[in-house]
Amino acid sequence: MGSRTEIPPGTLYMLILKTLARLGPSHGYGIAEYIQQISDDVLQIEEGSLYPALQRMLVKGWVTAEWAQTENNRRARYYKLTPAGRKQLNLELSEFERAISAIAKVIQTA
Amino acid sequence: MRELWRRLGYLWNRSRFERDLDEELRFHADRLEEAHGSRDAARRKFGNATILKDASREMWGWTSLERLLKDVRYAFRQLAANPGFAAVAILSLALGIGANTAIFTLIDHVMLRLLPVSHPEELMVIRDLRSYPQFEQVRDRNQVFSAVIGTHYMPEMEVKIEGGPTGRAAGEMVSGNYFPVLGVGAAIGRTILPEDDRAAESGPVAVISNGYWKRVFGGSPDVLGKKIQVRSGRSDMGTSGLDVYDNGRRGSYDGAVLTIVGVAASDFYGVTAGRSVDIWMPITMQPAVMPGRPFLAQPNAVWVNILARRKPGVSEDAARASMVVVWRQILTDAEGALITEARKREIASRVLLVESGEKGFGKVRRDFSQPLLVLMTVVGLVLLIACLNIANLQLARATARRREIGVRLSLGAGRPRLIRQLLTESLVLALAGGAAGVMVAFAGARLLIAMLATIEGSITIPFEMDFRTLGFTAAVSVATGILFGLAPALRATRISLAETMKDAGRGATSNGRTGKVLVAAQIAVSLLLLIGASLFLRTLFNLKARDVGYNPDGLVLLRVDPVSAGYRGDEVGRRMQLLLDRVRALPGVREATFSENGLFSGSESQELMYNIEGFTPHADEDRRAYFDQVGPQYFTHVGIPILLGRDMNERDLPGAPRVAVINETMANFYFPGVNPIGKHFSPDKQIRLEIVGVVRDVQDHGLRDKPVRRFYVSYFQPIDGITTANFEIRPLGNAASLMAALRNTVQSLDRNLAISSINLERDLMDADVVPERLIATLSSFFGALAVLLAAIGLYGVMSYSVARRTNEIGIRMALGAGRPRVILMILREVAVLLAAGGIAGTAAAFASTRFIKGFLFGLAPIDLISFLAAAALLAAVAGIAGYLPARRASKIDPMIALRYE
């Protein structure tokens, strides 16, 4: 299976939101698969974290969910970014960048 | 906000949510399976779906609520499965909580609540009644109050509503600043205002309470402008000195005609806790409201309650100190320039009792707070017994449910989760009991108030279940739920798994012990209650059996108000003699007489000071006595034995030598071993009384009273203004049939002569022991309830004990133990419990009965008879409760019992 890296705390929502922003409406499996592929199998999202996170995002109103047909004609629940979700994504991205650059500074001066 | 909506939407659509989640996860698992090629690998990857679902659900934030609902639903199923248990528990809780709530409601209204006015903490009240001129002086001369209010409360005012019949209502005359200073507004119309009390009888207006508006006028706004006629005779007042009243006959004796100008704010009931007012009117309407008693300018009539608001920055102590000084100045100035040195010294020792007024005037509080606290203790103990009882039943059930609990523990339910579950059951039970208790409380409070009704009226409180009462009920319910639920829950869940998987019956000895401790505690508390009940019952019995010195049976008391009919001076006596002649002529009357104060009629003279011939007093106290002014043949007709000399008669008239009859106590005090007949004493420089008779001491005003020095003068030679007349009438046959004839006789003499009351002497005496009867009745009822609950507890514990020992008993019987032996064995257990509880209860009684000493009469707090009677009753009931399981034990068939394992 290769080495698995824990998803850094607090970034799960950001990853999901970014995925939805990139892919457009997608189902849970698709989101997990996409993140895994893009990250070259480094980031693997546990189903035990993914689905509770999606529920949380529904509560917050960042995504909406709708049942639709997949390409091979099965019913799946598709999550779609809302404007509030997009705003949240931008917020998290900028915060994440700030944190990363701060961490980078600390590491470089060390 | 929108988030909340989404969450609520989740609650609404929970089953759809579950379906969606299930399908979504199935889809995911399928895709995994396709990707990994094998079902097992996919499942490994996927992990625990239940945990995942729980976590997803939790995101919506309703988990704890859902769990609670589940617990509650489970609790209801458990209770429904044991309807007998649930019924006993809820019923006993309903009685316990209901009784507590009912008495709390009264205590709250009478003792705890602040007045519903603005800034009640600034208010102060003057304890005693004052005259109107004194009120004006206090108002105008003090420096510590920003406003001074005068009031007069009339519990039984006659009210005639335009075009309606005459009814009774509680009235209050108030100074014009009353509503503005208290910050109480009008719901409709206006309040009484300072303009309304500028001059005597200048403001014929009335404001009614919200309750009276609803009750009598159906809440109609048409009430404004309606006219009512109000009239009041005697109420709470004091008068002294001759000819208090004006001599000129006034035009109308019908009372004051007032126009309703407003309805007071809905929560406002007046300024005396426990006394609700229906109708307010300006205090300057007093001469019209009380015909014949124009008191506004009268310095000798005290009838005004004074309430004041402190100025900002003035402390209560400062106000009190300042008012004492002002009060002495007022008294000194009233004496004028000719004040004697002795009078000055006397005034220098006077104080004015100024109290905190945040709860209003304290009359009802002073009268009722002690009985109410005793009752609160009684019902508190009853609730405690109910709790112990239910805890015990819970324990027994927990034992029966050991398997269920064991299984759930072994399936991984956490102990906290199970404790919470069991506690939820207790709370559901307690809240159900509390809800039923609210109904009991409603009825109970009404019953209580009815039982507290005396001749002077009862506590009147606005009857609305409010948040304070409901909050109290809820708090008590939750507290009792935890009290009786926690220990059994903790016990029930502390079990070893291995043990419970075996037969539930064994190894449960410790549970049995807890149950026994609980039962012993119940026995102790119920013994305490029974001892209290028998003390109160014996007190009531002693009071009722008290020899008052004459025969009160059948005696009828008719009270009339000659003042309100306009009679003055000697005319009062002449008219009353006329009425007496007519009453005596009635066919149903055997004998009749009259007196001013009557017997047990609630009015009493003040103590009068006098100089007595041949007696040197050591202190002022030595030359004071109570007195009464009595009609012809008073002692003979009432039935008071004359020891020396003669009775009053028709010749003791104005102008004839003034005479007095004294009682035994007075005779023995002043004339030990000497015949007092012919001796003289003087209550006044102008008045010299010759003693013409000595009579036996009697109880004429209170059953608890000790004999006091008392003398009697002729009604026709009054030494104090006559304000009333009480006719003591002995009927030939049935008293009830006489009542109508008496009313007609009075009416035929003078249509204006008001009948204040007609009562049987026995009823008046009963009214004198109202608190005692209330406490005795309720403590007996609750004592019996407590014993019943304790008996149920004892029966339960013993039945359980017998069931547990079936095997052992079987063996004993197989080895030759006879039935009596088995019964004795079980009864010995009962006896141990009874002894343990009995000793604890007796000890508690020894320690606590002295707190109710003030309520007892004719017996000591440690009264052997009461203690023994209580113990015997408890032992008898407990004996029966214990004998039934013992008999069942003796009927055990050894063969079956041995096969029992």
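Only a predicted model underlies this, so the values are computations on that prediction, with no experimental measurement involved.

Asker: An account of the overall build of chain A is requested, with residue identities and associated values reported.
Answerer: Within chain A one finds four helices and two strands. Each principal axis of the C-alpha distribution contributes one length, and for chain A these read about 55 × 35 × 20 Å. For chain A, with 110 residues in total, the buried portion stands at 29%. The contacts in chain A between residues at least 6 apart in sequence include a share of 51% that link residues at least 24 apart.

Asker: Account for the interface of chain B and chain A, naming residues and giving values.
Answerer: Facing 17 residues of chain B, the contacting portion of chain A comprises 14 residues. If you tally residues by element for the side of chain B that touches chain A, the top one is helix 2 (residues 14-36) of chain B, at five residues. Considered class by class, the residues forming the side of chain B that touches chain A number seven nonpolar, three polar and seven charged.

Asker: Give me the lowdown on the pairing of strand 1 (residues 63-69) of chain A, citing residues and values where you can.
Answerer: Successive side chains on a regular strand alternate, one facing one side of the sheet and the next facing the other. Residue and element names in this part refer to chain A. As defined by bridge partners, strand 1 adjoins strand 2 (residues 75-81) across seven bridges and the pair is classed as antiparallel. For E66, the partnering residue across the bridge sits in strand 2 and is Y78. Between strand 1 and the antiparallel strand that follows it, strand 2, lie five residues; N73 among them carries a positive phi value of about 60°.

Asker: Describe helix 22 (residues 738-749) of chain B, naming the residues involved and giving the relevant values.
Answerer: Compared with the 16 Å implied by 1.5 Å per residue over twelve residues, the 17 Å span of helix 22 of chain B between its first and last C-alpha is a close match. Along its buried surface, helix 22 of chain B packs onto strand 13 (556-561), helix 19 (570-585), strand 23 (725-731) and strand 24 (754-760) of chain B.

Asker: Explain the pairing of strand 3 (residues 166-174) of chain B residue by residue, including any values.
Answerer: Residues and elements named next belong to chain B. Pairing analysis gives eight bridges linking strand 2 (residues 145-161) to strand 3, with the strands arranged antiparallel. Residue M157 lies in a different strand from strand 3, and its bridge partner there is A169. Hairpin remark: strand 2 followed by strand 3, antiparallel, with four residues in the connecting loop; positive phi at G163, about 70°.

Asker: Describe the nonpolar core, with residues and values.
Answerer: Residues and elements named next belong to chain B. Formed by 103 residues in total, the largest nonpolar core has its most connected members in V382, I385, I523 and A786. A total of 21 residues in this core trace back to one element, the largest contributor, which is helix 13 (residues 363-400). Every residue in contact with V382, bar those within four places of it in the chain, is listed here: G96, A99, F782, L785 and A786. Residues Y132, I192, Y212 and A256 belong to the second largest nonpolar core, which totals 69 residues.

Asker: Help me get a handle on the packing of helix 13 of chain B against helix 16 (residues 467-493) of chain B, residues and values and all.
Answerer: All names here are of chain B. Look at helix 13 against helix 16: their axes get within 9 Å of each other, and the N-to-C directions meet at 25°. With respect to helix 16, the element helix 13 is oriented roughly parallel. Helix 13 and helix 16 meet at a crossing whose hand is right-handed. Residues L383, C387, I390, A391, Q394, L395 and A398 of helix 13 lie in contact with helix 16, whose contacting residues are T480, L483, F484, G485, A487, P488, R491 and A492.

Asker: Break down the confidence of the model for chain B for me, citing the residues and quoting the values.
Answerer: All names here are of chain B. Per-residue confidence for chain B averages 86 on the pLDDT scale, and 94% of its residues sit at or above 70. pLDDT under 50 marks residues 242-250. Its contacts with residues more than four places away, or in other chains, come to 19 contacts. Residue range residues 504-510 is modelled with pLDDT below 50. Its contacts to residues more than four positions away, or to other chains, number six contacts. Interface predicted TM-score (ipTM) for the complex: 0.84; the corresponding pTM is 0.77.

Calculation criteria
Residues numbered from 1 in each chain as written. Chains lettered and ligands numbered in written order. Predicted model: local features only at pLDDT ≥ 70, side-chain atom pairs only at ≥ 80, totals over all residues. Helix = DSSP H or I, 4+ residues; strand = E, 2+ residues; numbered from the N terminus. Buried ≥ 20, exposed ≤ 12 C-beta atoms within 10 Å, placed from the backbone. Contact = placed C-beta atoms within 7 Å. Nonpolar A, V, L, I, M, F, W, Y, C, P; charged D, E, K, R; others polar. Pairing = 2+ DSSP bridges. Expected span 1.5 Å × (residues − 1). Core = buried A, V, L, I, M, F, W, Y, C linked by C-beta atoms within 7 Å. Axes fitted to C-alpha atoms, helices over the stretch in contact; angles between N-to-C directions. Parallel < 35°, antiparallel > 145°, perpendicular 65-115°, else oblique. Left-handed = near helix turned anticlockwise from the far one by under 90°. pLDDT = per-residue confidence, 0-100.

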